[in-house]
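Coordinate analysis (summary)
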Amino acid sequence: NFAANLYVNYSSGYDNTQLGAIQSRVDSYTTTDLTGSYTTDNGFRISTGVFNLFDESFPFYDTRTANFDTRRVDTRGRVIFLELSKEFVF
């Protein structure tokens, strides 16, 4: 009835090829997510977890509109959630 997951997300460094970028190298970074759930015999499930458990900062990305790569980072930082759900079987 119990489940747990630990995810380690690694994003490698790369070169920013955008024209006009002063800093061309974007560093790598790693985040860790931890989730868990419990399901009762009558179909209720409670899930909880933390995304970006250690609140890692994302690397600097040099562009005119933002200092982060919107395709690769979640700007919310650490996210904690709690979810309650019920499964219905027909």
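For the structure, check the block above.
What counts and what doesn't
- Residues numbered from 1 in each chain as written.
- Predicted model: local features only at pLDDT ≥ 70, side-chain atom pairs only at ≥ 80, totals over all residues.
- Heavy atoms only, no water.
- Helix = DSSP H or I, 4+ residues; strand = E, 2+ residues; numbered from the N terminus.
- Buried < 20%, exposed > 50% of the residue type's maximum accessible area, 1.4 Å probe, protein only.
- Contact = heavy atoms within 4.5 Å.
- Pairing = 2+ DSSP bridges.
- Phe/Tyr/Trp six-rings, centres within 6.5 Å; stacked < 30°, edge-to-face > 60°.
- Lys NZ or Arg CZ within 6 Å of the ring centre and 35° of its normal.

The subject of this paragraph is the overall build of the chain. Helix and strand counts for the chain come out as zero helices and six strands. When its helices and strands are written in sequence order, the chain yields β-β-β-β-β-β. Scored against the burial criterion, the 90 residues of the chain give a buried share of 26%. Of the contacts formed within the chain by residues at least 6 apart in sequence, a portion of 57% connects residues at least 24 apart.

With that settled, the discussion passes to unusual backbone geometry. Of note, Asn-52 is a non-glycine position whose phi angle comes to about 60°, a positive value. Inspection of the secondary structure assignment puts Asn-52 in the loop between β5 (44-51) and β6 (79-86).

Note: strand β1 (residues 2-11) against strand β4 (residues 29-39), 10 bridges, orientation antiparallel. In the strand pairing of β4, Ala-4 is matched with Gly-36. Of the pairings in the sheet, the one linking β4 to β5 comprises six bridges and is antiparallel in character. Bridged to Tyr-38 within β5 is Ile-46. In sequence, β4 turns back onto β5 through a hairpin of four residues, with Gly-43 there showing a positive phi of about 95°.

Glancing now at the side chain of Asn-52. On the accessibility criterion, Asn-52 (8% relative accessible area) is buried. Once residues lying within four places of it in the same chain are set aside, the contact partners of Asn-52 are Thr-31, Thr-32, Asp-33, Gly-77 and Arg-78.

Bringing the packing of aromatic side chains into the picture now. Per the stated rule, a full pass over the model turns up two aromatic pairs. The residue whose ring lies beneath Lys-86 is Phe-44, and the NZ or CZ to ring-centre distance is 5.2 Å. Seen from the ring of Phe-88, Lys-86 lies directly overhead, with NZ or CZ sitting 5.3 Å from the centre.

By themselves these figures say nothing about function.
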